[in-house]
Amino acid sequence: MKKVLITGVAGFIGSHLLDFLLDETDWYISGVDNLSTGRMANIEQRLDHERFDFKEMSLFELHSLKEYDLVFHLAALPRIQPSFELVSEHIRENLMAAVHLIEIMIGEGHFPRLINSSSSAVYGTPETIPTSESERISCLSPYAFQKFETEQYLELLSTRYPLDYVNLRYFNPYGPRSFNPDNKFNAYSSVVGIFLYRAKNGQSLQVTGDGAQKRDFVHVRDLARANYLAAIHPEKLNTAFNIGHSSTMSIIELAKRISEDITFIDKREGEAEITYADVSKARKVLGWEPLSSLKSYLAESLQKNDSHA
Ligand SMILES: NC(=O)c1ccc[n+]([C@@H]2O[C@H](COP(=O)([O-])OP(=O)(O)OC[C@H]3O[C@@H](n4cnc5c(N)ncnc54)[C@H](O)[C@@H]3O)[C@@H](O)[C@H]2O)c1
């Protein structure tokens, strides 16, 4: 029976990974979260589970990973716009945090597989659509740069130490809990969640620019399954995988599917014109498939009038 650690377990994706692993495996799961952007409500229903142990703490307070077979690293400050304003804080949370975990492994000479949450932001606006992992890297924000640097440190340090890692480059995740109304950065959280929340609360949907920018939206449960498949793969992979739906929808189309009350606000720097994943590598190597569809999720959420979708 494996013993695993999830950093950022009280966040949007971390809490779904927790649900997935408790439901689908017999693993023992430790989770840490400093609740900077996550919230207890995301994991409350799991706190009594006999195979889950939660500690409210920063991962920088961790000094040993010896007991773990796997580490899922999701903790981060995952928003593009704030990363332009609070640069050093984002370097600490998005790069140094991962380096801290790597240093513990090196210090202990114990190298559990590290499944690292990376981002499609590393491609900027890609030249090739759909975009494969061999696309040129073009970081448009400090956040993207920090995600890519983390990947680079893993690659570089694995030339000297027996690191075992997988980088998962998520495209645009959506699903329950994506919008945390108490999060100071919630204006920049996943657009599907923001739009559903605003529509539910009678507020106009704010589309940046003309809304022609397109995104590849992937359901959070599909991300959780990708983490699991990366974890159980029998070989050392030490590579990156795109995790997206491999389809694309414009922001204006998304908005129109949710509400007629739409306003336009200024375009933001640092954001790509299009994201559209080529996921053939994840399909082939991990046996992963995106199983959920945004259109059915929207239809269900609107029917339920789900404010935290
Ligand atoms: N949501 C997206 O659009 C998206 C897209 C691509 C990649 N990612 C990546 O996926 C991962 C999870 O993102 P999310 O959307 O669930 O974000 P989130 O903000 O909901 O979750 C991150 C969690 O990490 C916690 N955290 C932050 N710093 C910490 C620290 N030092 N110690 C302990 N906990 C800490 C936060 O409190 C939060 O619960 C991140 O690495 C993010 O960069 C997210």
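Here the structure is a predicted model, which means the values were calculated and not measured. (Residues numbered from 1 in each chain as written. Predicted model: local features only at pLDDT ≥ 70, side-chain atom pairs only at ≥ 80, totals over all residues.)

(A) Local environment of the packing of helix α1 (residues 12-24) against helix α6 (residues 220-232). Put simply, α1 and α6 touch, their axes get as near as 9 Å, and they point 60 degrees apart. The hand of the α1/α6 crossing is right-handed. Contacts between α1 and α6 involve Phe12, Ile13, His16, Leu17, Phe20, Leu21 and Glu24 from the first element and Val220, Arg221, Leu223, Ala224, Arg225, Asn227 and Tyr228 from the second. Its residues assigned to classes, the contact of α1 with α6 shows nine nonpolar, two polar and three charged. (Axes fitted to C-alpha atoms, helices over the stretch in contact; angles between N-to-C directions. Helix = DSSP H or I, 4+ residues; strand = E, 2+ residues; numbered from the N terminus. Left-handed = near helix turned anticlockwise from the far one by under 90°. Contact = placed C-beta atoms within 7 Å. Nonpolar A, V, L, I, M, F, W, Y, C, P; charged D, E, K, R; others polar.)

(B) Broad picture of the environment of Phe52. For Phe52, the position within the fold is in strand β3 (residues 52-56). Exposure remark for Phe52: the 19 C-beta atoms within 10 Å place this residue in the partly exposed category. Taking the C-alpha atoms as reference points, Phe52 and Gly31, 21 residues apart in sequence, are found 7.5 Å from one another. Aside from chain neighbours lying at most four places away, what touches Phe52 is Leu18, Leu22, Ile29, Gly31 and Arg46. (Buried ≥ 20, exposed ≤ 12 C-beta atoms within 10 Å, placed from the backbone.)

(C) Main features of the nonpolar core. Counting residues in each nonpolar core, the largest one holds 71 residues, and the members touching the most others are Ile6, Phe72 and Ile243. Of all the elements, α6 adds the most residues to this core, at seven residues. Setting aside residues no more than four positions away along its own chain, Phe72 makes contact with Val4, Leu5, Ile6, Leu17, Ile115 and Asn227. (Core = buried A, V, L, I, M, F, W, Y, C linked by C-beta atoms within 7 Å.)

(D) Representation of the pairing of strand β6 (residues 165-170). Of all the six residues making up β6, six are buried; the element is thus mostly covered by neighbouring parts of the structure. Neither face of β6 is left uncovered, since the one carrying Tyr165, Asn167 and Arg169 and the one carrying Val166, Leu168 and Tyr170 both have all their residues buried. Note: strand β5 (residues 113-119) against β6, six bridges, orientation parallel. Its bridge partner lying in β6, Ile115 is registered against Val166. Between β5 and its parallel partner β6, the chain crosses via helix α4 (residues 142-157), and the hand of that crossover is right-handed. Pairing geometry for β6 and strand β11 (residues 239-243), over five bridges, is parallel. From the neighbouring strand, Tyr170 faces β11, where its bridge partner is Ile243. (Pairing = 2+ DSSP bridges. Right-handed = clockwise from strand over helix to strand, strands pointing away.)

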